[in-house]
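# Understanding the architecture of this molecule
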Amino acid sequence: MGSEHRDPATIDCVVRPGAEYLEVNVRLIRRRRSRGAALVLVAIMVALSGTSALAAPPREAGTRAVVAADDPENPPVPVDEALVAEPSSTKVTLTRGNSAVSVSRTGGLTRQSLNVSWTGMTPTEATSFPMAVMQCRGFAPTREDCWMSSEIGNWPGAYRGSSYAPKETSQWQLFPGNETGTLYTLPFRKKDGTYHTAHNPELEPDVLGWMGTGLSEVLPTSSIDDYTPGTANQRVGFTRPNGTGEVQTWANTKAENASLGCTQNVPCSLVIVPITQHPCLPASVIGETEREYCASESEFKVDAQVNYWPLLANWYQRYVFKLSFAPPGSLCLDRSDSAKFIGSELMAEAMRRWVPARCAKSSPSSLDFTRGWEPESRRQLSQTDPLAPSGYESDGAIVTEPSASDERVVEKRKPAYAPVGISGFAIGYNWDKSEDAGGGQVPEIKLNQRLVAKLLTQSYPGKYRVGGTDPVNPNAGTNPPNLLNDPEFQQLNPDARTWTGLTSAQGTQMVVPPFKTDVLLALTRWIWADPSARAFVQGKTDQWGMTVNKTYKGWLMPRDEYQLNDGWKVPADQGVYSFFAPQELWSQASNSWSQAADVLLTAWPLSQAPSLPTTGGPIVPKREEAQKTGFRNLLALTTTSELEKSGMSSVKLQNSAGEFVAPTTDSMSYALDGATADKATGVWRIDQAKMDKRGYPGTMISYAEVPTATLKPTEATRYADTIQWLATEGQLYGQEAGELPAGYLALTGPMQDQAAAVALAVRNQTGTPPIPPDDPVPDTPNPTTNPPASQAPNQNGNNNQPTAPNSNNGVPTPSGAPTTPGAPTPNPTKAPPLASGSIKPVSQVTQGESLGWLAWGIPALLVAGLAAGVASPGIRIIAQPGHPVRRALAGLFRRRNF
């Protein structure tokens with residue numbers, strides 16, 4: 001029988017064991033047109049059923065009643081039939097009849113993107129029949145536990161709860177009821193037990209919605225101070241005519257959303273509620289006037305709007321996905337024997353997975369990590385501290401660049417550099433096509449070195465250019481107003497004029513942190529390696545007549561620090577922008593790579609606009625509002641791992657061969673080809689000029705910089721053990737504690753060997769940093785020239801695993817091939833041996849009802865039993881670690897994209 005979301009009539013049949021009747025529920029979405037067809041279907045089912053005493057649950061959540069058809073005077077009473085899924089590190093699906101809802105991941109979460117999709121739902125008509133998506137506190141949340149859910153519809157999120165079965169019995173009346181019925185609006189219950197309900201932030205900040213009911217005087221109430229576009233993750237989803245749809249949201253943690261308070265120990269859920277229509281109660285129950293109001297709302301589908309999600313008949317059809325959260329932070333608070341590192345945020349997401357594994361009691365030493373900009377992290381290695389065991393402020397840094405040869409740390413501490421991760425810088429985007437172009441996300445953006453130089457140098461003046469009515473910015477006034485109007489960008493992205501933001505008054509500015517960082521050094525090295533980009537920054541006009549912003553002409557690159565140079569201010573008598581510097585207001589200065597990715601995730605720009613306070617006073621800059629879906633146009637400089645976590649897309653960047661490449665495990669592996677060893681420092685240098693044409697130019701190698709002198713034996717052992725672990729067990733791909741998350745490439749064999757050599761030098765405090773081999777990639781035949789077409793960035797949820805070297809008395813066994821799924825496999829005979837437990841099956845968790853189980857259940861069980869008997873020897877074989885069959889199967893799962 002069909003799902004109510006697809007068919008004009010929904011019919012549930014249950015034959016009670018030992019009963020003499022067939023229980024039938026008929027719910028007619030389009031009652032007038034479907035009554036005849038429904039009655040025919042009922043008659044057919046009654047005839048086919050006979051007197052069989054087979055019990056089966058109804059196919060649809062919702063209502064059941066012993067009636068022959070939908071009786072306006074006796075409507076069925078819905079019952080609560082929520083479906084619930086346990087947390088999962090892979091995609092999880094709940095099914096109800098012909099309908100299904102899926103979430104990309106629900107286990108081990110941090111603040112990260114969640115993709116919600118569905119099939120078999122009622123197609124949206126204008127704004128009627130949507131899907132409500134909310135994060136709620138608890139594994140069995142009440143409606144009041146859902147985060148600011150009253151804001152999901154039109155303020156104040158009211159619904160006529162008295163007109164439908166079951167009648168609303170809660171105290172949350174918006175107004176005292178009358179003959180037209182009673183409107184309700186739900187509050188949000190904060191973690192501390194106080195309540196806050198719907199409000200209009202423009203007119204009545206923090207005004208409670210229970211007007212005239214007296215509730216606000218007797219209930220504990222408080223204002224919400226953490227409801228911002230950065231935490232407003234409730235979503236309204238719309239369904240296509242074919243019954244499918246999807247929305248992207250994200251998980252809030254206690255760190256940014258204390259009122260909800262989701263942590264490792266405070267459970268939360270993602271709740272999805274389909275909004276459908278339900279029959280009004282009869283006039284004999286609610287009165288003629290209320291019945292007329294209800295019927296009028298039904299006729300115009302007002303009762304199928306998103307603010308009707310709390311209606312009990314809708315709430316009873318909810319899909320509940322339990323969420324579990326990873327431990328917060330990267331500090332091992334329960335142990336005092338940590339190898340402590342400060343440094344590059346390039347490795348922050350990996351460290352978030354590694355720290356909990358090293359905190360386990362079975363670990364010989366624990367691990368702490370504090371994010372910091374790389375130059376500052378190197379400085380702390382040389383900063384003396386008489387109270388520290390080693391006499392220095394820090395003993396371990398995560399960097400991509402070595403300390404300068406003239407720095408004290410090199411002379412006194414003889415640091416060595418152990419490779420611990422491969423990732424890179426990336427430019428992410430959240431950009432929509434215009435409605436005229438069909439809407440939806442822009443599928444691909446290409447940028448070359450000169451275009452990125454234009455963005456960094458604030459060379460797009462926005463509305464302050466020649467030909468307009470506004471004053472002209474003398475520093476860039478003859479240039480195109482924004483990126484979409486740049487002929488060079490249009491040449492690389494031919495449909496760019498159909499994207500949103502074409503007529504934006506602001507000049508396009510990318511999110512960039514104004515701090516010293518190795519990432520900016522790598523970015524500007526890539527730019528400076530291109531002659532046309534270098535010439536542009538030095539003052540040469542491009543072929544379309546665009547020039548660098550005059551305040552950046554001759555800007556020195558490569559450089560590790562970004563600065564805002566254009567301080568031109570709008571003159572007087574020019575409205576709210578008078579005396580403000582527009583390029584400074586429009587700039588988007590982030591404080592971390594994670595914040596940059598978060599800007600894309602939430603579509604909440606860091607740029608500002610002049611704002612006149614409603615209470616009077618001077619005009620002040622105010623952060624702009626979040627961009628609405630369909631109008632998003634954002635770019636951000638961040639890292640490959642942060643983009644993976646946020647689920648945002650990466651720009652394809654041009655390499656020295658002229659190819660436009662996105663970051664994947666394969667493209668980063670190709671980028672290593674041509675890298676050379678710096679014998680003076682002990683690191684490998686990515687060579688843009690020698691890079692394979694399939695290489696991603698943003699690839700970067702991160703190192704653990706640790707002294708080979710000045711450490712006491714205990715500290716030396718801790719750091720040596722940690723380096724060994726990070727370079728071996730820490731290189732196994734996965735989504736659990738101790739595994740390497742998406743956005744990284746596992747270390748190659750020569751890199752693991754170099755890490756082992758560094759660990760030995762640190763353990764013995766030799767004072768002689770090991771020099772790496774010339775090539776970080778094994779000397780093997782050329783990789784295939786036809787990488788698989790499946791290599792695309794941001795394929796979240798891939799759980800394939802690489803292999804890692806075995807250990808030999810704590811020192812990794814040398815190996816000759818990279819442990820990178822999806823990367824070129826040069827020589828299978830040199831592949832490292834399979835680490836026990838390194839291969840995990842990829843599965844899609846599906847929970848809930850399944851179609852047709854009654855008809856096919858017995859044959860399916862027979863087939864399953866037979867299959868189990870046949871398969872059991874094979875299962876025993878592949879369950880053995882190191883078995884040849886298992887290792888062969890493992891090879892099939894090693895290819896992986898991100």
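Computed from a prediction, not measured in an experiment: that's the story for all the values here. (Residues numbered from 1 in each chain as written. Predicted model: local features only at pLDDT ≥ 70, side-chain atom pairs only at ≥ 80, totals over all residues. Heavy atoms only, no water.)

### Considerations on the overall build of the chain
- Along the backbone of the chain there are 20 helices and 34 strands.
- Residue burial in the chain is summarised as follows: out of 898 residues, 57% are buried.
- In the chain, the share of contacts with a sequence separation of at least 24, taken over all contacts with a separation of at least 6, comes to 72%.
- Within the structure as shown, the chain displays about 36,200 Å² of accessible surface, and the carbon and sulfur contribution to it stands at 54%. (Helix = DSSP H or I, 4+ residues; strand = E, 2+ residues; numbered from the N terminus. Buried < 20%, exposed > 50% of the residue type's maximum accessible area, 1.4 Å probe, protein only. Contact = heavy atoms within 4.5 Å. Areas by Shrake-Rupley, 256 points an atom, 1.4 Å probe, with all protein chains shown as cover.)

### Focus: unusual backbone geometry
- The step from A165 to P166 runs through a cis peptide bond, and the omega angle for that step is -10 degrees.
- Turning to its location among the elements, P166 is positioned in the loop between β8 (159–160) and β9 (183–184).
- Put simply, M557 and P558 share a cis peptide bond, and its omega is -5 degrees.
- Note that P558 resides in the loop between α12 (531–537) and α13 (582–586).
- The phi dihedral of F579 is positive, around 70 degrees, even though this residue is not glycine.
- Structurally, the position occupied by F579 is in the loop between α12 and α13.
- F579 sits in the exposed class, given a relative accessible area of 57%.
- Although it is not a glycine, Q765 adopts a positive phi angle of roughly 45 degrees.

### Focus on the sheet that holds strand β15 (residues 319–323)
- Taken together, the 5 strands give an open sheet; going across it, the order is β3-β15-β14-β7-β12, and neighbouring strands pair in mixed fashion. Unpaired on one side and paired on the other, β3 (83–85) and β12 (235–237) mark the two borders of the sheet. Each strand axis lies, on average, 25 degrees off the axis of its neighbour in the sheet, ignoring direction.
- In this structure, strand β7 (residues 131–137) lies alongside strand β14 (residues 268–274), joined through 7 bridges in antiparallel fashion. Bridge pairing in β14 links A132 to V273. (Pairing = 2+ DSSP bridges. Axes fitted to C-alpha atoms, helices over the stretch in contact; angles between N-to-C directions.)

### A look at the pattern of salt bridges
- Across all of its chains, the model carries 34 salt bridges by this definition.
- Among the ionic pairs, D80 bridges to R318, the shortest N-O distance being 3.0 Å. Separated by 238 residues along the polypeptide, D80 in the loop between α1 (31–49) and β3 and R318 in the loop between α5 (312–315) and β15 bring together distant segments of the chain.
- A residue is classified by how much of its surface remains accessible, and D80, at 41% relative accessible area, is partly exposed.
- For E715, the salt bridge identified is with R718, shortest N-O distance 3.9 Å. Here R718 and E715 lie together in helix α17 (residues 713–727), a separation of 3 residues that amounts to about one turn. (Salt bridge = Lys/Arg side-chain N within 4 Å of Asp/Glu carboxyl O.)

### Some thoughts on the packing of α17 against helix α18 (residues 749–764)
- Across the interface, α17 lies against α18 with an axial gap of 8 Å and an inter-helix angle of 170 degrees. It follows that α17 is roughly antiparallel to α18 by the angle criterion. Judged by residue contacts, A716, T717, Y719, A720, D721, I723, Q724 and A727 of α17 engage Q752, A755, V758, A759, V762 and R763 from α18.
- In terms of residue class, the contact of α17 with α18 is built from 9 nonpolar, 3 polar and 2 charged. (Parallel < 35°, antiparallel > 145°, perpendicular 65-115°, else oblique. Nonpolar A, V, L, I, M, F, W, Y, C, P; charged D, E, K, R; others polar.)

### Let's talk about the sheet that holds strand β28 (residues 660–661)
- Ordered by their spatial adjacency, 3 strands build an open sheet running β20-β27-β28, and the pairing between neighbours is mixed. A single partner strand is all that each edge strand has here, and the edge strands are β20 (446–447) and β28.
- The pairing of strand β27 (residues 652–654) with β28 spans 2 bridges and is classified as antiparallel. The residue of β28 that forms the bridge with Q654 is F660.

### Here we look at the state of the cysteines
- In total, this model carries 3 disulfides according to the counting rule given.
- Disulfide pairing places C262 opposite C268 at an S-S distance of 2.0 Å. Disulfide C262 to C268: torsion about the S-S bond roughly -90 degrees, handedness left-handed.
- When its relative accessible area of 1% is taken as the criterion, C262 is described as buried.
- For C280, the disulfide goes to C294, at an S-S distance of 2.0 Å. On the S-S bond that ties C280 to C294, the torsion sits near -90 degrees, and the link is left-handed. Residue C280 is located in the loop between β14 and α3 (283–286), and its partner C294 is located in helix α4 (residues 288–299); the two are separated by 14 residues in the primary sequence.
- Relative accessible area serves as the criterion here: at 0%, C294 is assigned to the buried category. (Disulfide = S-S within 2.5 Å.)

### A look at α17
- With 15 residues, α17 extends 21 Å from end C-alpha to end C-alpha; this agrees with the ideal 21 Å at 1.5 Å per step.
- Of all 15 residues in α17, 12 are buried, a share of seventy percent or more.
- Among all positions in α17, only E715, A716, R718, Y719, A720, D721, T722, I723, Q724, W725, L726 and A727 are buried. (Expected span 1.5 Å × (residues − 1).)

### Observations concerning the environment of Y733
- Its place among the elements puts Y733 in the loop between α17 and α18.
- In this structure Y733 comes out as buried when scored by relative accessible area, which is 0%.
- Separated by 3.5 Å, the side chain of Y733 and the backbone oxygen of Y744 make a polar contact.
- Within polar-contact distance, the side chain of Y733 engages the backbone nitrogen of A746 at 2.8 Å. (Polar contact = N/O pair within 3.5 Å; in protein donor to acceptor, adjacent residues only side chain to side chain.)

### So, the pairing of strand β31 (residues 699–707)
- In terms of burial, β31 is largely enclosed, as 9 of its 9 residues are buried.
- Here β31 shows two buried faces, one formed by T699, I701, Y703, E705 and P707 and the other by M700, S702, A704 and V706.
- Where strand β19 (residues 415–431) meets β31, 9 bridges bridge the pair, whose relative direction is antiparallel. Residue S423 lies in a different strand from β31, and its bridge partner there is M700.

### Observations concerning the side chain of T231
- Within the element layout of this structure, T231 appears in the loop between α2 (215–218) and β12.
- When residues no more than four places from it in sequence are discounted, the contact partners of T231 are W147, D226, W250, N252, E256 and N257.

### Remarks on a nonpolar patch on the surface
- A surface patch of nonpolar side chains, amounting to about 240 Å² of accessible area, comprises V576, L612 and I619.
- Here L612 is to be found in the loop between β23 (608–611) and β24 (620–623). (Patch = residues over 30% accessible without salt bridge, like charges linked within 9 Å, V, L, I, M, F, W, Y side chains within 5 Å.)

### Re the packing of helix α9 (residues 449–456) against helix α11 (residues 518–528)
- Following both chains from N to C, one finds α9 and α11 inclined at 130 degrees, their axes separated by 9 Å at the closest point. Between α9 and α11, the interaxial angle falls into the category oblique. At the point where α9 passes α11, the crossing takes the left-handed sense. Packed against α9, whose contacting residues are Q449, V452, A453 and L456, the element α11 presents L523, W526 and I527 at the interface.
- Across the contact of α9 with α11, the residue classes break down as 6 nonpolar, 1 polar and no charged. (Left-handed = near helix turned anticlockwise from the far one by under 90°.)

### Observations regarding the environment of L747
- Relative to the helices and strands, L747 resides in the loop between α17 and α18.
- Spatially, the C-alpha atom of L747 lies 9.5 Å from that of V777, the residues being 30 residues apart in sequence.

### Overview of the confidence of the model for the chain
- Residues at a pLDDT of 70 or more form 75% of the chain, whose mean pLDDT is 80.
- Within the model, the stretch residues 198–209 combines pLDDT values under 50 with 28 contacts to residues more than four positions away or in other chains. (pLDDT = per-residue confidence, 0-100.)

### Topic: the side chain of D432
- Within the secondary structure, D432 is located in the loop between β19 and β20.
- There is a polar contact of 3.0 Å between the side chain of D432 and the side chain of Q441.
- Ignoring sequence-local partners within four residues, the contact set of D432 consists of G440, Q441, V442, W499, T500, K628, T629, G630, F631 and R632.

### Describing the packing of aromatic side chains
- Applying the stated criterion to the full structure yields 21 aromatic pairs.
- Note on Y159 and Y308: the rings are 6.3 Å apart at their centroids and 70 degrees apart in plane angle, and the pair reads as edge-to-face. Of this pair, Y159 sits in strand β8 while Y308 is found in the loop between α4 and α5, placing the two residues 149 residues apart along the sequence.
- Judged by centre distance (5.4 Å) and plane angle (80 degrees), the ring pair of F341 and Y719 falls under edge-to-face. With F341 in strand β16 (residues 338–343) and Y719 in helix α17, the pair connects residues that are 378 residues apart, well separated along the chain. The pair formed by F341 and Y719 is uniform in burial state, with each residue classed as buried.
- In this structure an aromatic cluster arises from ring pairing among Y159, Y164, Y184 and Y308.
- The ring of Y319 carries R96 above its face, with NZ or CZ at 4.6 Å from the centroid.
- Above the ring of F536, the side-chain terminus of K454 is found at 5.6 Å from the ring centroid. (Phe/Tyr/Trp six-rings, centres within 6.5 Å; stacked < 30°, edge-to-face > 60°. Lys NZ or Arg CZ within 6 Å of the ring centre and 35° of its normal.)

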